[in-house]
Amino acid sequence: MAEAAALNLWQLAFILGLSPLFAGILQKCKELVASKRGPGIFQPYRDLRKLFAKDAVTPESSTWIFRFTPYVVFVIPLVVTLLIPVLTDFPLFFAFVGDMLAAGFILAASGFFFTLAAIDGGNPYGPMGASRTRMVGFLVEPVIIIVLFTVSFIADSTIPYIVQQHWVHPLSNFFTASHVLLLIAFFMVLLAETGRIPVDNPSGHFELAMIDESKALEFSGPALALLKWGGYMKFAVLAIIFLNVLTTPWGLASTGTIPAMLLATALVFLKVLALVLLIVVVESSFAKLRLFRITDFVGAAFAVAVTAMVTELLGL
Amino acid sequence: MTAWLYHLNALVLGLFILTAIAMVVVRQIGACLQIFVMQSLLLSASAFLLGGAPWSWHLFALGCVTIASKAVLIPWILRSLVPAQVYARRELSQSVGVPAALLSAFALLLVGYAVGMPLNAAAHSLSPGNVSLGIAGLLIALLQLAVRREAVPQILAILGMENGAFLVGIAIAPNFPLIAELAIAFDVPLLAFIVAILARAVYRETGSTEAGSLAALRELA
């Protein structure tokens, strides 16, 4: 009992503590690829500390939603963390409270509040970014749903712990066509959902082209820090779902002992690092798509997901 | 061992159908040609995999012939005869928009699935998917023929239909006589050659290879 609680806390601490580092490494690597020096990999931590020490300014016209949203955006990835196998491959307390569909909906709730808050702030670019995020979101949603349905066809479950075990035993499950295609589709969804380059430029600050960033324009001080941290954690959580549940379900702790957990922490860290490097390659080699070409990108993801489903239905 | 070939063949089939869909929607003509090369390589990969389990040298020969003619010879013909400017262009005037074309392609994928399932009983034991996805590939290439307006994507659509038919063929008749394969292998580059010459001539005259605009008559200046 106490052990399970401790393991849960360990997983929360992993997401909470290391997610800014992943963002920092991603930024640093991108700068290195572009032959620039860039800020150090610990820059997100420094940014967060600086922002937490500052005073917050809220627009006069804003309502409670504006003040409430940073907490929602901060807490929701942590809630999802409780549902997914971050470091252990055996289920913990909340494993059967919600499946991957639930995790998607819970994450969508944070997006919903962020959208409302962006409109609530009264900045003209807020609603623009918010509506664009909604557009990407509603294009991505059918892809996610098809991916999850295909997963449930294959593994007979959408509980992440069970799905993860399905790929491991027997190993040949891992190499089925539908699984490989699912990975491609989910990776594209991951890029779209976290505002990465073919869809959105996370380092661009030109108001007319911004999608994700412009929602936080009116936030300042601790509220902005919470939003940023929440964004880092959302990326980490989606990366963990992608890696631990779908792509590389290996390297997790199968017992709750401290050495096993330490080893799992190191291995999962390395896996996320590899994903970060992959994203660096993608971000450095593609240009951002024009707004109305995003449908093409997500359409391609949809095509891949549907093909995965059809190959699964064919019994291949 | 057979299970591995089976899974690998399924993956190849999935990628094959993705290339078929991509050829309908991709805008750059050069990219369309590259995707066609990939599709042909996937077709030959499927032939190699099916030829491996119950050993069939016909399928191996077919794979080699496919690589030689569709992955090397036809792209070379099309690249060298059609002016390079054609490949650098984007085709913006498709007769159906990209999302609509994509949805139609999915519908055809499901049609192929429905039509192919009863035929699977007749197919090669290793490949229940080849028939369904081959028919789907053929139908999607037919869609491409209707959607695309430039000459090069249209000839690629015809060749894509042929790829789909071959995907079915290698599953139904693993010991297809080699002479038929060779005949087709000579036939198809000839087709590409003629269309490429034609497209080149049309490009010289009109400055574009839009076959769609050839439907209307025009006075010569």
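Above this text you will find the structure in question.
A.B. asks: Help me get a handle on the overall build of chain B, residues and values and all.
C.D. replies: Summing up its helical and strand segments, chain B has eight helices and zero strands in all. Going from N to C terminus, chain B has its helices and strands arranged as α-α-α-α-α-α-α-α. Based on the C-alpha atoms only, the size of chain B along its principal axes is roughly 65 × 35 × 25 Å. Taken across its 221 residues, chain B has 47% of its residues classed as buried. Partitioning the intrachain contacts of chain B with sequence separation of at least 6 by distance along the chain shows that 77% fall at a separation of at least 24.

A.B. asks: If you had to explain the overall build of chain A to someone new, which residues and values would you point to?
C.D. replies: Helices and strands together make up the secondary structure of chain A, namely 10 helices and zero strands. Reading chain A from its N terminus to its C terminus gives the helix and strand order α-α-α-α-α-α-α-α-α-α. Here the C-alpha radius of gyration of chain A, 19 Å, is about what a compact globule of 316 residues would show, namely 20 Å. With the C-alpha coordinates aligned to their principal axes, the bounding extent of chain A is approximately 55 × 45 × 40 Å. Of all 316 residues assigned to chain A, the portion counted as buried reaches 48%. Put simply, 78% of the contacts in chain A that link residues at least 6 apart link residues at least 24 apart.

A.B. asks: Requested: an account of the interface of chain B and chain A, with residues and values cited.
C.D. replies: Contacts between the two partners involve 18 residues from chain B, matched on the other side by 20 residues from chain A. Contributions of two or more residues to the side of chain B that touches chain A are made by α1 (2-25), α5 (98-119) and α6 (128-147) of chain B. Broken down by class, the residue content of the side of chain B that touches chain A amounts to 14 nonpolar, four polar and no charged.

A.B. asks: Run through the environment of L102 of chain B, naming residues and quoting values.
C.D. replies: With respect to the helices and strands, the residue L102 of chain B is situated in helix α5. C-alpha separation for the pair L102 of chain B and R90 of chain B, spaced 12 residues apart in sequence, amounts to 18 Å. With near-sequence residues (within four places) excluded, L102 of chain B lies in contact with G299 and A303 of chain A together with V25 of chain B.

A.B. asks: Go over the nonpolar core, please, and point to the residues and values.
C.D. replies: Ranked by size, the top nonpolar core spans 154 residues in total, and within it V143, A185, A301 and A305 of chain A together with F16, I21 and I140 of chain B carry the most contacts. Top contributing element to this core by residue count: helix α8 (residues 221-247) of chain A, with 17 residues. Ignoring anything within four residues of it in the chain, the contact list for V143 of chain A reads A185, V189, V298, A301, F302 and A305 of chain A.

A.B. asks: Summarise the packing of α8 of chain A against helix α9 (residues 258-285) of chain A; cite the residues concerned and give the values.
C.D. replies: Residue and element names in this part refer to chain A. Two elements in contact, α8 and α9, have axes whose closest approach is 10 Å; the angle formed by their N-to-C orientations is 110°. Between α8 and α9, the interaxial angle falls into the category roughly perpendicular. Contacts from A239, L243 and N244 of α8 reach α9 at V268, K271, V272 and L275. Per-class residue counts for the contact of α8 with α9 are five nonpolar, one polar and one charged.

A.B. asks: Hey, could you go over α5 of chain B for me, with residue numbers and the actual values?
C.D. replies: Residues and elements named next belong to chain B. If you check α5, its first and last C-alpha atoms are 31 Å apart, about what 22 residues at 1.5 Å a residue would give, namely 32 Å. When we look at burial in α5, the residues that qualify are A101, L102, A105, L108, L109, G112 and G116. The buried residues of α5 occupy an angular sector of 115° when projected down its axis, which confines them to one face. Across from the buried face of α5, at angles greater than 90 degrees, the exposed residues are A100, A114 and P118.

A.B. asks: Could you give an account of the packing of α1 of chain B against helix α2 (residues 29-52) of chain B, with specific residues and numbers?
C.D. replies: Residues and elements named next belong to chain B. Running from N to C, α1 and α2 cross one another at 160°; their axes reach a closest spacing of 9 Å. If you check the angle between α1 and α2, you find them roughly antiparallel. Handedness of the crossing formed by α1 with α2: left-handed. Touching L5, L8, N9, V12, L13, L15, F16, T19, A20, A22 and M23 of α1 are C32, I35, F36, M38, Q39, L42, L43, A45, S46, L49, L50 and G52, all from α2. A per-class count over the contact of α1 with α2 returns 18 nonpolar, five polar and no charged.

What counts and how
- Residues numbered from 1 in each chain as written.
- Chains lettered and ligands numbered in written order.
- Predicted model: local features only at pLDDT ≥ 70, side-chain atom pairs only at ≥ 80, totals over all residues.
- Helix = DSSP H or I, 4+ residues; strand = E, 2+ residues; numbered from the N terminus.
- Buried ≥ 20, exposed ≤ 12 C-beta atoms within 10 Å, placed from the backbone.
- Contact = placed C-beta atoms within 7 Å.
- Rg over C-alpha atoms; globule rule 2.2 N^0.38 Å.
- Nonpolar A, V, L, I, M, F, W, Y, C, P; charged D, E, K, R; others polar.
- Core = buried A, V, L, I, M, F, W, Y, C linked by C-beta atoms within 7 Å.
- Axes fitted to C-alpha atoms, helices over the stretch in contact; angles between N-to-C directions.
- Parallel < 35°, antiparallel > 145°, perpendicular 65-115°, else oblique.
- Expected span 1.5 Å × (residues − 1).
- Arc of directions from axis to C-beta.
- Left-handed = near helix turned anticlockwise from the far one by under 90°.

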